[in-house]
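Per-entry structural report
Listed below are the residues making up each chain.
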Amino acid sequence: MKSTFFYLVFLLLIIGNSFSQVPSVEIKPLDSEALKGKIEHDIVVSQDGSGHFKSIGEALDAIRVYLPKPLTVYIKPGIYKEKLTILGPVTNVTFVGESPENTIITYDDFAAKDNMGTFETYTLKVLGNSLTFKNLTIQNTAGPVGQAVALHAEGDRLVFENCRFIGDQDTMFASGENSRQLYKNCYIEGTTDFIFGSATALFENCVIHSKSDSYITAASTPEWVEYGYVFKNCRLTSAEGVTKVYLGRPWRDFAKTVFINTEMGAHIVPEGWHNWNREKAEQTVFYAESGSFGAGANADSRVEWSHQLSADELKSYSTDLIFSGKTTDADYFGNRWFGYRKDISFNLQDAWKKDVKNFPEIKPVVILSSESVTESKGHVYKKLGGRELKLDVFSPTQAESLRPGIVMIHGGGWKSGDKELQIPMAIALAEKGYVTSVVEYRLSPEAQYPAAIHDVKEAIRWLKVHANEIGLDTTQIAISGSSAGGQIAALVGMTNSLEYEGFTELSASSAVQAIIDMDGVLAFHHPESAEGQVASEWLGGTYEQKPEVWDEASPLYLKAPEMVPILFINSQYPRFHAGRDELIVKLTEKGVYSEVHTFPGSPHPFWLYDTWFNTTVEIMADFLGKTLK
């Protein structure tokens, strides 16, 4: 019954899209060369000469770039053998055929032909934005000869309605990292990976027809793109004899593909999805379904790394949210692609000048080398293209055995500060027998969250890999941090899932056995918290814009935290320990040790000043003596 209803709706939509409209301008043959880039009115294309132009290519040449108002190109019935490119400056144009059965754009290039490669085989390449296509067939007739693209679409805000896409392997390249594409009431057929690319594309009420045992989709969704390919109310069919088709496989590791309320024929394999022989991709892709029905809908048999959407998750797949548009300024390494200027607003001298007004007795703690501590500086623990991240190591000179370690993270509002700020404390703790390390990490002007988390975790792994060289006992490692560094230390120490770990080639884990948080928030969105602009710069938006990111970065709100002993050392200001008390309750419930020490009447960066420095070091050493065993 559901299938019959689908076809009735589909038929009515096709009938309703008849070629009944004509332009109001005079229709007479025009010279596309003389009028190149000048036409702003509607255009008729007809092979018999009864329109403005005989070919679609001539019409494209004549259209003015960046039109002041939209226009329509009416394409009369015919088989138009043309290889077409709609360039980026062509915008706000609707291309309308009479029907997909009789208005056909066709070509026959294929990848092996003159060694042209996949991306030059297109029949129609769409690079312009705000373009609509109706009642057309776009096909590549090269046949089963390998990659042969019919539609190559990379523009943004593209709509294809009541169109057919005919081909074999790689029929449709729906791509473009910032591209949003809508396919309504369309028919798409092919053999292998016949819908592939990086676009955010919604397919509504479409028929997806498999012509061989193979794969339907091969998404290459960028990591930062939220949706990828979404199929809603579609029907998956197959040619006779086709019995083994996968819903998709990942062309790239962060592929996202979701099928919602889709009828699936018996040709869809029970496991549903394939990893393209890359087990690691199983941890990064997002393949999901909701409401699948038909012989190929086997939710219980799907691969364990795929998902069935919950009712709440399903709400996020409304058309407006899918196409809300998200972008990033991060390059491959997570750095801002346009570069950055280092922020030096948080430094010892300026902090002291500010705090001494209210605490006239304080003096900044300066770096003094120690004869009992061996310093080893400038170790490159991570390379990001030409960018090198470094750490310094301080170890007891007379150590006769491997020693427990402390990874130390500086503060500065996630945007400023330097590892040098932690060196006095690192030396003081090394004098007490610990191998200490101060770590450089990427700040928000260079790379937003979670880059800093990935960096610090990689630093921990590097230290473990080089443990014998620096005298480190890898079974006894704590992480400490001050202010923003305290928040980072807590998050690093309480997580071990992929989104927090980041990519690594090192075999060691980033696990630690204890955490020291000096005035670092545990919950960004919390009654005690006053985090605002600075946090937003790091987290990529305000809480109203990115609530899920604010919560994800809050140790208190972790869904599956790693509970290890935590020492909280705090100033007099409650906003810097927002979420602490609730986290202590959770630790206590799990039987995990915690301590709280508060310095009444102290400034926020108390660890930088002589008045509190020695006491802070003693508190840390006492805590670690209890917990690193």
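Definitions and limits used
Residues numbered from 1 in each chain as written. Predicted model: local features only at pLDDT ≥ 70, side-chain atom pairs only at ≥ 80, totals over all residues. Heavy atoms only, no water. Helix = DSSP H or I, 4+ residues; strand = E, 2+ residues; numbered from the N terminus. Contact = heavy atoms within 4.5 Å. Areas by Shrake-Rupley, 256 points an atom, 1.4 Å probe, with all protein chains shown as cover. Lys, Arg positive; Asp, Glu negative; His and termini not counted. Charge placed at Lys NZ, Arg CZ, Asp CG, Glu CD. Phe/Tyr/Trp six-rings, centres within 6.5 Å; stacked < 30°, edge-to-face > 60°. Buried < 20%, exposed > 50% of the residue type's maximum accessible area, 1.4 Å probe, protein only. Disulfide = S-S within 2.5 Å. Polar contact = N/O pair within 3.5 Å; in protein donor to acceptor, adjacent residues only side chain to side chain. Pairing = 2+ DSSP bridges. Right-handed = clockwise from strand over helix to strand, strands pointing away. Core = buried A, V, L, I, M, F, W, Y, C linked by side-chain atoms within 4.5 Å. Axes fitted to C-alpha atoms, helices over the stretch in contact; angles between N-to-C directions. Salt bridge = Lys/Arg side-chain N within 4 Å of Asp/Glu carboxyl O. Parallel < 35°, antiparallel > 145°, perpendicular 65-115°, else oblique. Left-handed = near helix turned anticlockwise from the far one by under 90°.

When its secondary structure is counted, the protein chain shows 14 helices and 34 strands. Projecting the C-alpha coordinates of the protein chain onto the three principal axes gives extents of approximately 95 × 55 × 50 Å. When contacts within the protein chain are restricted to residue pairs at least 6 apart in sequence, those whose partners lie at least 24 apart make up 72%. When the accessible surface of the protein chain is summed, it comes to about 26700 Å², and 51% of that surface belongs to carbon and sulfur atoms. Within the protein chain, the 79 negative side-chain charges are centred at a point lying 3 Å from the centre of the 57 positive side-chain charges.

Using the criterion set out here, one finds 30 aromatic pairs in the structure. Judged by centre distance (5.0 Å) and plane angle (10°), the rings of Phe 95 and Phe 133 are stacked. Of this pair, Phe 95 sits in strand β5 (residues 93–97) while Phe 133 is found in strand β8 (residues 131–134), placing the two residues 38 residues apart along the sequence. Assigned by exposure class, Phe 95 and Phe 133 land together as buried. On the basis of an interplanar angle of 45° and a centroid distance of 5.3 Å, the ring pair of Trp 414 and Phe 524 is categorised as tilted. Pair noted here: Trp 414 is in the loop between β29 (403–409) and α6 (423–430) and Phe 524 is in the loop between β32 (514–518) and α11 (533–539), with a separation of 110 residues, a long-range link. Grouping residues by exposure puts Trp 414 and Phe 524 together as buried. Three or more aromatic residues joined by ring pairs form one cluster here, namely Phe 95, Phe 133, Phe 160, Phe 165, Tyr 183, Phe 203, Tyr 229, Phe 231, Phe 259, Trp 273, Tyr 287 and Trp 305.

What the rule picks out here adds up to zero disulfides. The thiol of Cys 186 is unpaired, and the distance to the nearest cysteine sulfur, on Cys 206, comes to 4.7 Å. Under the relative-accessibility criterion, Cys 186 is labelled buried at 0%. Cysteine Cys 234 is unpaired, with the sulfur of Cys 206 as its nearest cysteine sulfur at 4.7 Å.

As for its placement among the helices and strands, Ser 416 is situated in the loop between β29 and α6. Of the polar contacts made by the side chain of Ser 416, one reaches the backbone nitrogen of Ser 345; its length is 3.2 Å. Ignoring any residue separated from it by four or fewer positions in sequence, one finds Ser 416 in contact with Asp 343, Ile 344, Ser 345, Phe 346, His 410, Gly 411 and Leu 443.

Note: strand β33 (residues 566–570) against strand β34 (residues 594–598), five bridges, orientation parallel. Paired with Ile 569 across the bridge in β34 is His 597. Tracing the backbone out of β33, into helix α13 (residues 580–589) and back to the parallel element β34 gives a crossover that is right-handed.

Judged by nonpolar contacts, the single largest core of 64 residues is most densely connected at Val 73, Phe 95, Phe 133, Phe 165, Tyr 183, Ile 195 and Phe 203. Tallying contributions element by element places helix α2 (residues 56–62) first for this core, with four residues. Once residues within four sequence positions are removed from consideration, Phe 133 is found in contact with Ile 86, Phe 95, Leu 124, Val 126, Val 159, Phe 160, Glu 161 and Cys 163. Among the nonpolar cores identified, the runner-up in size contains 54 residues, and Leu 384, Phe 524, Val 549 and Ile 566 belong to it.

Read from one edge to the other, the open sheet built from seven strands follows the order β4-β7-β10-β13-β16-β19-β22, with strand pairing classed as parallel. For this open sheet the edge positions go to β4 (84–86) and β22 (246–248), each flanked by a neighbour on one side alone. Within the sheet, the average angular offset between the axes of one strand and its neighbour, ignoring direction, is 15°.

As a further point, take the pattern of salt bridges. Oppositely charged side chains are able to pair whenever their charged atoms sit close together. What the rule picks out here adds up to 30 salt bridges. Between Lys 382 and Asp 455 there is a salt bridge, and its shortest N-O distance comes to 2.7 Å. Of this pair, Lys 382 sits in strand β27 (residues 373–384) while Asp 455 sits in helix α7 (residues 451–465), placing them 73 residues apart in sequence. Comparing Lys 382 with Asp 455, the two get one shared label, buried. Across the salt bridge formed by Asp 581 and Arg 580, the nearest N and O atoms sit 3.0 Å from each other.

The next subject is the side chain of Lys 382. On the basis of relative accessibility, which here comes to 11%, the residue Lys 382 falls in the buried class. Excluding anything up to four places from it in sequence, Lys 382 contacts Arg 387, Glu 388, Leu 389, Arg 442, His 454, Asp 455 and Glu 458.

On to α6, then. With eight of eight residues buried, α6 lies mostly within the body of the structure. Among the residues of α6, those classed as buried are Ile 423, Pro 424, Met 425, Ala 426, Ile 427, Ala 428, Leu 429 and Ala 430. For α6, the elements touching its buried residues are β27, β28 (387–396), β29, β30 (435–439), β32 and α14 (610–627).

Right, let's get into the pairing of strand β11 (residues 158–161). By the bridge criterion, four bridges tie β8 to β11 in an arrangement that is parallel. For Lys 134, the partnering residue across the bridge sits in β11 and is Glu 161. Relative to strand β14 (residues 180–184), β11 runs parallel, the two being bridged by four bridges. Bridge pairing links Glu 161 to Lys 184 in β14.

A cis amide bond links Tyr 449 with the next residue in sequence, Pro 450, at an omega value of 10°. Checked against the element boundaries, Pro 450 lands in the loop between β30 and α7. Of note in this structure, Asn 185 is not a glycine but carries a positive phi near 55°. You can see Asn 185 is positioned in the loop between β14 and β15 (187–190). What makes Asn 185 buried here is its relative accessible area of 4%. At Asp 193, a residue that is not glycine, the phi angle is positive and equals roughly 50°.

In this section: the packing of α7 against helix α9 (residues 484–493). Following both chains from N to C, one finds α7 and α9 inclined at 65°, their axes separated by 10 Å at the closest point. Considering the angle they form, α7 stands roughly perpendicular to α9. The handedness of the crossing between α7 and α9 comes out as right-handed. Together, Ala 452, Ile 453, Val 456, Lys 457 and Ile 460 of α7 and Ile 488, Leu 491 and Val 492 of α9 make up the contact between the two elements.

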